Amino acid sequence: MNSMTSGQISSSSKSFKQRKWYIDLNRKPEKFSVANQIENIQPAGYTDKTLSDTTNQEEGNRLIGMRSWDIATGPLKQVPMNMMISWMAGNSIALFPIMFVGMLLFRPIQSMFAMSKAFETIESGQNSIIQKLVYLLGNLVNLAIALYKCHSMGLLPTYASDWLAFANPQERMEYSFGGFSLN
């Protein structure tokens, strides 16, 4: 171990005292006052200046606007995933595709009926009507995907042959017996 003389200790303590965070622990207890040393020490980045309040009404309105636009564009963000799952489900009539089509049909309808509840937490602002229209448009796009999926699976009655049960039977224009025509 290196033994230092008192001259070396005092000179080294002077160099340490020039450092901002130095506390001299080699002092004698009667001269050592923690309160005096701690009062002068401040953490990094600390200032005695008071800062003005940066939160204001404009910042709050901006955050509410961002949140309401996030709610409004939520259904549009689901469109690519719904298209991907719709493609992966296939066009066969089976349990999984039917369950998917049911979910794809009812979820936008439920969202449209609960539109006021979705925007309930957000205050009505200057763009609230536009945001509700975007929300409605997104749900209509998801509903159109569901209807297209039903059409591609053959679940929608879009052809004339699908309505034969409701068609009137045709009246005979003529009767034929044994090669003779009777009008």
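Refer to the structure presented above.
A brief look at the structure comes next.

**Section: the overall build of the protein chain**
Helix and strand content of the protein chain: 7 helices and 2 strands. Element order for the protein chain, N to C, with α for helix and β for strand: α-α-α-α-α-α-α-β-β. The buried share among the 183 residues of the protein chain stands at 17%. Long-range pairs, those at least 24 residues apart, make up 60% of the contacts in the protein chain with a sequence separation of at least 6. When the accessible surface of the protein chain is totalled, it reaches about 15,100 Å², and 61% of it is carbon and sulfur.

**With respect to the side chain of Lys-149**
Turning to its location among the elements, Lys-149 is positioned in helix H7 (residues 128–153). With no salt bridge to any partner, buried Lys-149 finds its closest opposite charge in Asp-162, at an N-O distance of 17 Å. Within the structure, the side chain of Lys-149 is placed 2.8 Å from the backbone oxygen of Ser-86, a separation counted as a polar contact. If we skip the residues at most four places from it in the chain, Lys-149 touches Ser-86, Ala-89, Gly-90, Asn-91 and Val-101.

**Some thoughts on the environment of Ile-71**
Residue position: Ile-71 is located in helix H3 (residues 57–72). Contact partners of Ile-71, with chain neighbours within four places excluded, come to Ala-118, Phe-119, Ile-122 and Tyr-135.

**A closer look at a nonpolar patch on the surface**
Side chains of Met-81, Met-84, Trp-87 and Met-88 sit close together on the surface and give an oily, nonpolar patch of about 520 Å² of accessible area. Inspection of the secondary structure assignment puts Met-88 in helix H4 (residues 74–89). On the basis of relative accessible area, Met-88 is assigned to the exposed category, the value being 59%.

What counts and how
- Residues numbered from 1 in each chain as written.
- Predicted model: local features only at pLDDT ≥ 70, side-chain atom pairs only at ≥ 80, totals over all residues.
- Heavy atoms only, no water.
- Helix = DSSP H or I, 4+ residues; strand = E, 2+ residues; numbered from the N terminus.
- Buried < 20%, exposed > 50% of the residue type's maximum accessible area, 1.4 Å probe, protein only.
- Contact = heavy atoms within 4.5 Å.
- Areas by Shrake-Rupley, 256 points an atom, 1.4 Å probe, with all protein chains shown as cover.
- Lys, Arg positive; Asp, Glu negative; His and termini not counted.
- Salt bridge = Lys/Arg side-chain N within 4 Å of Asp/Glu carboxyl O.
- Polar contact = N/O pair within 3.5 Å; in protein donor to acceptor, adjacent residues only side chain to side chain.
- Patch = residues over 30% accessible without salt bridge, like charges linked within 9 Å, V, L, I, M, F, W, Y side chains within 5 Å.

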